[in-house]
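Overview (structure and organization)
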Amino acid sequence: MPAFNREMLALARESRGLTQTRLGAEVGISQAEISKFENGLKIPSDDQIRRMSNRLHYTVDFFFLNESMRDFGSNCAYHRKRKSATDSKLTQLLAIINVRRIQVKHLLKSVEDRATYSFPRLDIDEHAGGPEEIARLVRALWQIPPGPLQNLIRAIEDAGGIVIRCGFGTNKVDAMSQWLPGQKAPIFMVNESIPTDRMRFSLAHELGHICMHATLTDNMEREADKFAAEFLMPEKDIRPYLSSVDIPKLAAMKPYWRVSMAALLYRAAELKQIDERRKSYLWFRMGQAGYRSHEPVEIPPESPTLLKELVKVHKETLGYTEREIDAAVCEPNAFADLCIHDEPRGLRLVAR
Ligand SMILES: [Zn+2]
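Residues numbered from 1 in each chain as written. Predicted model: local features only at pLDDT ≥ 70, side-chain atom pairs only at ≥ 80, totals over all residues.

Considering the packing of helix α1 (residues 6-15) against helix α3 (residues 31-39)
It is the contact of α1 with α3, at a shortest axis distance of 7 Å, that shows an interaxial angle of 125°. Judged by the inter-axis angle, α1 sits oblique to α3. On the side of α1, the interface is formed by R6, L9 and A10, while α3 contributes F37, E38 and N39. A class-by-class count of the residues in the contact of α1 with α3 yields three nonpolar, one polar and two charged. (Axes fitted to C-alpha atoms, helices over the stretch in contact; angles between N-to-C directions. Helix = DSSP H or I, 4+ residues; strand = E, 2+ residues; numbered from the N terminus. Parallel < 35°, antiparallel > 145°, perpendicular 65-115°, else oblique. Contact = placed C-beta atoms within 7 Å. Nonpolar A, V, L, I, M, F, W, Y, C, P; charged D, E, K, R; others polar.)

What follows is the structure, encoded as structure tokens:
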């Protein structure tokens, strides 16, 4: 008989953005008692578990899973955020990515993974060319042709990575990722409320962490940005386009490269196609035009399909009902929005 897992209670509570006090008030349990449950000093009664399960919208089984929350401290979760994101929001998002990671692991148990490519772990100290060299290696490994990367989410999914596009409840965090030992492929969460060009850069930044940073380092943020820039705008391919850029040119290049005008401008300066003065001037002009908060030229969205496929295989091939899927992931309606009407891109997952 599995034991009550105090960590799953904290994870459930944090994923719903609730404090111990607030949860306690809503389920008629004191904060002190909830704190004891989460610290392993006391075990909740069946009735208390049921009440918390109802409020937190996870099945009772969720609290008995033999899993645990993984933190930044375990060097596995990364997030791309703006400085002003609150700690409580980050805690919630970190809890959500942990929940999704655990749920996906349970769903993946019953299917065979047929990813075409895989995620490498490359030690940055062993690559003299730095993050850029690693970005080129990953592109080569994934057989990405030269020039703009048409669909980043698809490239990640082709390597077996799970991408979840969802609301973050803030636009101060763009993306998060997690790859734990023993987990076949990483999981990425991207904020659905940010423009596609920004989403792509943030996702490529996360991919950089996944491929380069098994441990936290001082320079990791800068390195992940460099990786992202080279991954989306390889120097060899983009250099000729960047000489003498101006604002209309940046706007014209944006839909082709599927990156923001700001990213193109920074790339032009980084590759010395324009000098710092010109960069500052164009940056100032973009600010005047209001482009720093809202750029013109929208890039069509990229949508993940692998998780949908995973649900579809359970429904159609393995004969799971919606309720059985909910039970498998310990959360009612967790994947209800992943309807089966979407066009699949050909099954990459087969039932075991
Ligand atoms: Zn980062």
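Notes on the packing of helix α6 (residues 130-141) against helix α8 (residues 196-212)
One can describe the packing of α6 onto α8 by two numbers: an axis separation of 11 Å at closest approach and a directional angle of 95°. The angle between the axes of α6 and α8 places the two elements in the roughly perpendicular class. Facing α6, whose interface residues are P131, I134 and V138, α8 presents G208, C211 and M212. When the residues that make up the contact of α6 with α8 are grouped by side-chain class, the tally is five nonpolar, one polar and no charged.

Looking at helix α9 (residues 220-232)
Taking 1.5 Å per residue, 13 residues should reach 18 Å; α9 reaches 18 Å between its end C-alpha atoms and fits that length. Among the residues of α9, those classed as buried are E223, A224, K226, F227, A228, A229, E230, F231 and L232. Where α9 is buried, its residues meet α6, α8, α10 (235-238) and α12 (261-270). (Expected span 1.5 Å × (residues − 1). Buried ≥ 20, exposed ≤ 12 C-beta atoms within 10 Å, placed from the backbone.)

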